[in-house]
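An overview of the molecular structure
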Amino acid sequence: ICKPLSQLVLRKTKGNPLFVLECLRSLVDRDLLRYSFRERRWVWDTDTIGAEDIADNVCKLLSTKMIGLSENTQLALKIASCFGTTLNSTIVETLMLSSVKFSSFQNDLEKAVDDGFMDKDEGLTYRFVHDKVREAAYGLIQEKERNQFHHIIGMHLYDTTQEQKMDSMIFFIADQINHGTIRDPQQRICIAELNHKAAFKAMGNSNFAAAYFYSNASIKLLPKDHWKSHYDLSRNIFLVLGNAAYTDGNPKEAMSALDEILSHGKSLKDKLDAYYLKIALLHARQEPKAAYATCLDVLQQLGETIPATVEPERFVKTVEKIQAKLNEMTDSDWMGMKTMDSPFHYSLMQFYNRVCHLSYFVSPQMSIWFACRLVELSLEHGFCKYSALGIMQYSMVLGGKLIHNVQAAYKVGKMALKLSDRFDAPDLLPGVYMSYYGYIAVHIEPFQSCADMLKRGFEIGLSTSDTQTALFNGIHYIQKSLVSGVNLSVLKKECDYQMRLIDAHSLPMSKMYTSAWQETIAMLIAKEGSSNLTRSDDVSRVSEFSEALIFHGVLQNFWLGHYDRCLYYAEKSSASDIGQLKSIMIIFYGGLSCFHSSRKRSKKHTKLAKQAINVMREKGGESSWNYLNKIHLLEAEIFSATGKKDHAKVSFNAAISAARSSKFIHEQGLACELAALHCLKHGDNEDGSNLLEQALECYTKWGSQVKIDSITKQLEKIAAKAG
């Protein structure tokens, strides 16, 4: 009979015994639950009770009940409510020592436990039995007195807490004190220092919103002449504020805080940290030229002479000289190299690392000079954590267009990777991983393993607050995953997640690259809308982004079967740097498109096809896993185009087998599809149909509805002709 009422009360009170009891009393007092002598049972109005705000009524009843408690017990409940729903033993013990007024605090809390308002665990942690109970206890404090009540508790804790215990209680103390107003100038400085320490700790805990709050609280407590009267404290506060605002997605406030330091800093040494963060902020705001110029300015202030321009060929001998030294070093030499102990040279390494990375966007020819300088500084003055990233930048030079020694680049890159472990520098790992797995290892190791490590770099970057580099890892992860044949729906979710992070942190440069991947993946899945790339001839609208736009134009049009447009983009590409994966894939897709274009084959097409097979053979010598299937596929197309039917069939089968072995499901489907076209061209409809069925299965696993629809239409045409 009572089951409906029981369910209703359970839903309203969450089964809390105190709430159940008070809830039933409230219902009886308001005649919503009464005993009917006529029916000889309890009766109630389910609809009316269901519409009641039971929790609010119970809260009022609890407040009334609390008012009847002793003053000491009420005080204990008030104090506990100021700390939320939980009160730990350290706070209890410290308050008891702070004043005679609080000497019975623990006994009074025990009474609150006995009365059912609070629970206690074995560690002497007290908890309100329900958040509404805490709300009722907090209501005992007059609203106009609450801020001062918090402040008094905080000051008692602050005055009593010993330095060694302050770290564990700093957030509790600062939060309470910050409710009130401090007028004493000396005390304001003490509490400003307290808030700065809380902000610093919050940054270490990756709680950037809290660090931002505490830093601002610190600044409000400083006197007007704080840059003169409290210089060191001011510089430290504004530096943490700049970091917190940057990582919490407030770039304008971050820049304002850093400019304060740069305006009032007494020396270059005092400004270096602010400069370094400002450069990162400018880069994140898609102002690479300003970031680059700032880097050069700092390095010149540090006494470095940097040429305005360099001819890369001049540095071939410099690279050879450096490489000769590195070749002489054994693994133990690398790991036993002395540690850089000069703060000055450490600062040089910091800014050279940053400017080397920026040079790829602003002045690519200078990247070689900066990379060589990084290695020279490390070899001359010892290794530091920035040496790992600097040597990794140098290995990229070895693998790039000028030197193009992939094996040497791979060897040096591996040593740089080990060096990053030596210095236990997780903040630099995202940059190390992006350089190594994004540009170097990808030529030797399977695409899939590189993608896995780039995903790891993305995760580490987020955990160390380096969101910009994390997202660069994320972009490379998507690229390597796509060329590996990872399911497109999985990649779409990854893109969407990264875009949410980009929007939250206002990172326009990352947004450019990631939005291009979003568009390409969406089109490969279901041909959603039409491509901005395929509609526009202006692929060079952003200079440092133009080759990426061309790559997406090639990628989209090839898989959509628009081979003429694919060739158009491939021919516009300057894909001569086969040290970059996108250039290699442009050559591959462009080479295949030559055999399926509706345009009459020209000398340019023949040259592109020959370039494609030559490049794939060269890359196959470095990694058969990544390129063997591509070599076989291009050879099959050449045989098919030149009338060598049987040779073509053998090569198509080899391409299918190699793609399957390397787990490139999309390229296995592609090899099946092109093999089917070869069979159909020669009237072999049965084998052609079977190969199309295999292609359909592969494209289904890949998740490309565009390709599924295309293959399905081809099968329907064959069936219609046969019928």
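Here is a short report on the structure shown in this document.

1. Thoughts on the packing of helix H31 (residues 563-572) against helix H32 (residues 581-594)
At a minimum axis distance of 9 Å, the contact between H31 and H32 shows a crossing angle of 135 degrees. Accordingly, the angle class assigned to the pair H31 and H32 is oblique. The hand of the H31/H32 crossing is left-handed. Residues Tyr563, Cys566, Leu567 and Ala570 of H31 form the contact with H32, whose participating residues are Ile586, Tyr589, Gly590, Ser593 and Cys594. The residue inventory of the contact of H31 with H32, partitioned by class, reads 7 nonpolar, 2 polar and no charged.

2. Comments concerning the layout of surface pockets
In this structure, the second largest pocket spans a volume of roughly 1200 Å³. As for the second largest pocket, its lining consists of 38 residues, of which Asn243, Tyr276, Leu277, Arg354 and Asp427 are closest to the centre. Put simply, the parts of the chain that give the lining of the second largest pocket at least two residues each are helix H11 (185-204), helix H14 (231-247), helix H16 (268-284), helix H20 (343-362), helix H22 (385-399), helix H24 (429-440) and helix H26 (467-484). Considering every element that reaches the lining of the second largest pocket, the biggest residue donor is H14, with 7 residues. Grouping the constituent residues of the lining of the second largest pocket by class yields 14 nonpolar, 19 polar and 5 charged.

3. A closer look at the sheet that holds strand E4 (residues 118-120)
Spatial ordering of the open sheet is given by E3-E5-E4, a layout of 3 strands whose pairing is antiparallel. At either margin of the open sheet sits one strand with a lone partner, and together these are strand E3 (86-87) and E4. Bridge count between E3 and strand E5 (residues 126-128): 2 bridges; the pairing is antiparallel. Within E5, the residue paired with Thr86 across the bridge is Arg127.

4. Some thoughts on the pairing of strand E1 (residues 33-36)
Where E1 lies against strand E2 (residues 41-44), 4 bridges are found, and the strand directions are antiparallel. Across the sheet, Leu33 pairs through a bridge with Trp44, a residue of E2.

5. As for the nonpolar core
Of all hydrophobic cores here, the largest spans 234 residues; its most connected members are Phe351, Tyr352 and Phe370. Residues Leu8, Val9, Leu27 and Ile49 belong to the second largest nonpolar core, which totals 8 residues.

6. Let's talk about the environment of Cys698
Position of Cys698 relative to the elements: it lies in helix H37 (residues 685-702). Each C-alpha atom, one on Cys698 and one on Arg373, is 49 Å from the other, the two residues being 325 residues apart in sequence.

7. Here we look at H14
The terminal C-alpha atoms of H14 lie 25 Å apart, and with 17 residues this matches the ideal 24 Å at 1.5 Å per residue to within 8%. A large share of H14 lies buried, amounting to 14 of its 17 residues. Just downstream of H14, Gly249 is the residue with a positive phi angle, here 85 degrees.

8. A look at a nonpolar patch on the surface
Taken together, Val28, Tyr35, Phe37 and Trp42 make up a surface patch of nonpolar side chains, about 440 Å² in accessible area. Here Val28 shows up in helix H2 (residues 17-29).

9. Concerning the pattern of salt bridges
Summed over the entire model, instances satisfying the criterion amount to 21 salt bridges. Ionic pairing is found between Arg456 and Glu459, a salt bridge with its closest N-O pair at 4.0 Å. Taken together, the positions of Arg456 and Glu459, both in helix H25 (residues 447-463) and 3 residues apart, correspond to about one turn of that helix. Note on Glu459: relative accessible area 39%, which makes it partly exposed. A salt bridge links Asp503 to Lys511, with the shortest nitrogen-to-oxygen separation between them at 3.0 Å. Owing to a relative accessible area of 45%, Asp503 belongs among the partly exposed residues under this scheme. Salt bridges sharing partners connect three or more residues here, namely Glu304, Arg373 and Glu376.

10. Comments concerning the environment of Leu507
Tracing the backbone shows Leu507 in the loop between helix H27 (488-505) and helix H28 (508-526). Relative accessible area serves as the criterion here: at 5%, Leu507 is assigned to the buried category. When the C-alpha atoms of Leu507 and Cys672 are compared, they prove to be 41 Å apart, with 165 residues separating the residues in sequence. Excluding its chain neighbours within four sequence positions, the residues that come into contact with Leu507 are Ala284, Thr467, Gln468, Leu471 and Ile502.

11. So, the side chain of Ser593
Relative to the helices and strands, Ser593 resides in helix H32. Here Ser593 falls in the buried class, since its relative accessible area comes to 0%. Setting aside residues no more than four positions away along its own chain, Ser593 makes contact with Phe558, Tyr563, Cys566 and Leu567.

12. Notes on the packing of aromatic side chains
Applying the stated criterion across every chain yields a total of 29 aromatic pairs. Ring centres 4.7 Å apart and planes at 35 degrees place the aromatic pair Phe558 and Tyr589 in the tilted group. Separated by 31 residues along the polypeptide, Phe558 in helix H30 (residues 546-559) and Tyr589 in helix H32 bring together distant segments of the chain. Between the NZ or CZ atom of Arg134 and the centre of the ring of Tyr138, over which it lies, the distance is 4.6 Å. Stacked on the ring of Tyr276, the Lys or Arg Arg354 has its end atom at 4.9 Å from the ring centre.

Cut-offs and rules
Residues numbered from 1 in each chain as written. Predicted model: local features only at pLDDT ≥ 70, side-chain atom pairs only at ≥ 80, totals over all residues. Heavy atoms only, no water. Axes fitted to C-alpha atoms, helices over the stretch in contact; angles between N-to-C directions. Helix = DSSP H or I, 4+ residues; strand = E, 2+ residues; numbered from the N terminus. Parallel < 35°, antiparallel > 145°, perpendicular 65-115°, else oblique. Left-handed = near helix turned anticlockwise from the far one by under 90°. Contact = heavy atoms within 4.5 Å. Nonpolar A, V, L, I, M, F, W, Y, C, P; charged D, E, K, R; others polar. 1 Å grid on protein atoms, 1.4 Å probe; cavity = no way out; pocket = protein on both sides within 12 Å on 5 of 7 lines; lining within 4 Å. Points joined across faces, edges and corners; volume = space filled by probe spheres on them. Pairing = 2+ DSSP bridges. Core = buried A, V, L, I, M, F, W, Y, C linked by side-chain atoms within 4.5 Å. Buried < 20%, exposed > 50% of the residue type's maximum accessible area, 1.4 Å probe, protein only. Expected span 1.5 Å × (residues − 1). Patch = residues over 30% accessible without salt bridge, like charges linked within 9 Å, V, L, I, M, F, W, Y side chains within 5 Å. Areas by Shrake-Rupley, 256 points an atom, 1.4 Å probe, with all protein chains shown as cover. Salt bridge = Lys/Arg side-chain N within 4 Å of Asp/Glu carboxyl O. Phe/Tyr/Trp six-rings, centres within 6.5 Å; stacked < 30°, edge-to-face > 60°. Lys NZ or Arg CZ within 6 Å of the ring centre and 35° of its normal.

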